[in-house]
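Inside the fold
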Amino acid sequence: MDTQLSAPQAVASSRLWRFSPVALAVALFGAAAYAQQPAPAAGAPAPQSPAQPAPQAVPGPGSNTDSGAPTLHVGVNEVSLIFTVTDKHGHYIANLGQNDFALLDDQKAPERVNSFHQQINLPLRVGIVIDASTSIRSRFKFEQQSATEFLLQVLRAKSDRAFVMGFDVTPTVTADWTNDQDALETGINKLEPGGGTALFDAVYVACRDKLLTDRGPEPVRKAIILISDGQDNQSRVYISEAIKECERAETIIYAISTNWTPSRGSGDKVLQQLAEETGGEVFFPPSVEEMATSFKDIEEELRSQYALVYTPADFVANGAYRTIYLYCYDRKYTVRAKKGYFATGR
């Protein structure tokens, strides 16, 4: 996501194909900037796609800094993209503007950008998905305690909702959508470890049955907090199917590994893939006592984000999968966002 722009402004036709994605990416926010600048003098050559980031411009519609909770309305053919920007140390970067980013949707620059907000506080829809298989029995009480503390700290009663799901061979919802802290804590305490591990099934079902159905005219931040060692030995769906269901439900995964061995195992790679492919992050606390720190990091990220609403070019609500490629012009920063979505309309 930190590809550096190096294409010249004019290239031979044989080289144009190679650089066309970059030129399109530059066009995302540059178009909004140029639209507000004076027209070129008569007879002046038409401007080419710039090889450097577009100059800062008067903010476009909705591109204000908003430290509160903006109201973001999403139309039928619009995409709401929530993303996080960090430096190489994982610190969150605020105060970036619309012209600091470039985007390709289905390999094309968007038709237009409708709104851009930073440091937003969108309503949360969070699924706490806890591994309750035999393999994590010794760490289970710590998982329960940390998950409970997270919900107590993060959820805001007026706008946020959460549910609790445990899984071994099958996923079980022990607390349905609610903002009642007591009900959520009771749901966490109902879980008891035992049985095999069907991790991919649990992620798939959580998205299909709980998060996919939660749609509305205004965007919310939908996330799964997955607590597991990443081992799967019972699922009927593949990891790729679980990831696609997350994308359909517009849900990201924050995974907390319960593998505290010195070396990273195959389960950690599974958690890494689930998180990265959905635009989230995986945490590897060095001990069970450090789990609370990971939850605090997730809380900070959920409240330290950017929101972009745009109209894709050539959008057709045919259910096809459309890729998203978003990056920051400043290569010191990393952008985490979902990799794509299904064009189903709303």
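Our structure's up above, just so we're on the same page.
Reading the values: rules and limits
- Residues numbered from 1 in each chain as written.
- Predicted model: local features only at pLDDT ≥ 70, side-chain atom pairs only at ≥ 80, totals over all residues.
- Heavy atoms only, no water.
- Helix = DSSP H or I, 4+ residues; strand = E, 2+ residues; numbered from the N terminus.
- Buried < 20%, exposed > 50% of the residue type's maximum accessible area, 1.4 Å probe, protein only.
- Contact = heavy atoms within 4.5 Å.
- Areas by Shrake-Rupley, 256 points an atom, 1.4 Å probe, with all protein chains shown as cover.
- Phe/Tyr/Trp six-rings, centres within 6.5 Å; stacked < 30°, edge-to-face > 60°.
- Lys NZ or Arg CZ within 6 Å of the ring centre and 35° of its normal.
- Pairing = 2+ DSSP bridges.
- Axes fitted to C-alpha atoms, helices over the stretch in contact; angles between N-to-C directions.
- Salt bridge = Lys/Arg side-chain N within 4 Å of Asp/Glu carboxyl O.
- Arc of directions from axis to C-beta.
- Polar contact = N/O pair within 3.5 Å; in protein donor to acceptor, adjacent residues only side chain to side chain.
- Disulfide = S-S within 2.5 Å.

Focus on the overall build of the chain
Secondary structure assignment for the chain yields 7 helices and 13 strands. Sorting the 346 residues of the chain into buried and exposed places 50% on the buried side. Across the chain, the fraction of contacts at a sequence separation of at least 24, relative to all contacts at a separation of at least 6, is 81%. Surface accessibility of the chain: about 15,800 Å² in total, with carbon and sulfur atoms responsible for 51%.

Overview of the packing of aromatic side chains
Taken as a whole and judged by the stated rule, the model has 10 aromatic pairs. With 5.7 Å between their ring centres and 65° between their planes, phenylalanine 101 and tyrosine 306 make a pair best called edge-to-face. Here phenylalanine 101 is found in strand S2 (residues 101-105), whereas its partner tyrosine 306 is found in strand S10 (residues 305-311), with 205 residues between them in sequence. In this pair, the class of phenylalanine 101 matches that of tyrosine 306, namely buried. Between phenylalanine 116 and tyrosine 306, the aromatic rings sit 5.9 Å apart at their centres with planes inclined by 35°, giving tilted as the arrangement. Here phenylalanine 116 is found in strand S3 (residues 112-120), whereas its partner tyrosine 306 is found in strand S10, with 190 residues between them in sequence. With respect to burial, phenylalanine 116 and tyrosine 306 carry one shared label: buried. Aromatic rings pair up to connect Phe83, Phe101, Phe116 and Tyr306 into one cluster. Between the NZ or CZ atom of lysine 332 and the centre of the ring of tyrosine 333, over which it lies, the distance is 5.3 Å.

Overview of the sheet that holds strand S7 (residues 221-228)
Across the sheet, which stays open at both edges, the 6 strands sit in the order S6-S5-S4-S7-S8-S9 with mixed pairing between neighbours. Two strands close off the open sheet at either side, each with one partner strand: strand S6 (171-178) and strand S9 (281-283). Mean inter-strand twist for the sheet, computed between neighbouring axes without regard to direction, equals 15°. Summarising the sheet, strand S4 (residues 124-131) and strand S5 (residues 161-167) pair through 7 bridges and their orientation is parallel. Note that in S5 the partner of valine 129 across the bridge is methionine 165. Across the sheet, helix H2 (residues 140-154) touches S4, S5 and S7, and the angle it forms with S4 is around 175°.

With respect to the sheet that holds strand S13 (residues 340-342)
Strand order in this open sheet of 3 strands is S2-S11-S13, and the pairing throughout is antiparallel. Unpaired on one side and paired on the other, S2 and S13 mark the two borders of the sheet. Direction aside, the axes of adjacent strands within the sheet are offset by 20° on average. In the sheet, strand S11 (residues 321-328) pairs with S13 via 3 bridges, with the strands oriented antiparallel. Note that in S13 the partner of arginine 322 across the bridge is tyrosine 341. Contacts from helix H5 (residues 239-248) reach S11 and S13 within the one sheet, and its direction differs from that of S13 by about 75°.

Looking at the environment of leucine 226
With respect to the secondary-structure elements, leucine 226 resides in strand S7. The spacing of leucine 226 and isoleucine 128 is 98 residues in sequence and 6.4 Å in space, taken between C-alpha atoms. Other than its neighbours up to four places away in sequence, leucine 226 contacts Val129, Phe167, Leu199, Val203, Ile253, Tyr254, Ala255, Ile256, Leu271 and Leu274.

Thoughts on the pattern of salt bridges
By the definition in use, this model includes 13 salt bridges. Of the charged contacts in the structure, one is a salt bridge between aspartate 105 and arginine 322, with a shortest N-O distance of 2.8 Å. Within this pair, whereas aspartate 105 is found in strand S2, its partner arginine 322 is found in strand S11, the two being separated by 217 residues in sequence. As far as burial versus exposure is concerned, aspartate 105 and arginine 322 are alike and both buried. Linking arginine 336 and glutamate 281 is a salt bridge whose minimum nitrogen-to-oxygen distance equals 3.0 Å. Remark: glutamate 281 occurs in strand S9 and arginine 336 occurs in strand S12 (residues 334-336); sequence separation between them is 55 residues. We classify arginine 336 as buried; its relative accessible area is 15%. Each of the salt bridges in this network shares a partner with another, and the network as a whole consists of Asp105, Asp106, Lys108 and Arg322.

Here's the deal with helix H3 (residues 181-190)
Within H3, the full set of buried residues consists of Leu184, Gly187 and Ile188. Projected onto a plane normal to the axis of H3, the buried residues spread over an arc of 100° and lie on a single side. Turned more than 90 degrees away from the buried face of H3, the exposed residues are Asp182 and Lys190. Buried residues in H3 make contact with S4, H2, S5 and S6. The opening residue of H3 is aspartate 180, an N-cap whose side-chain oxygen sits 2.9 Å from the backbone nitrogen of aspartate 182.

Some words on the state of the cysteines
Per the counting criterion, the structure on display carries 0 disulfides. Between cysteine 246, a free cysteine, and cysteine 207, which holds the nearest cysteine sulfur, the sulfur-to-sulfur gap is 3.3 Å.

Purely geometric numbers; function is a separate question.
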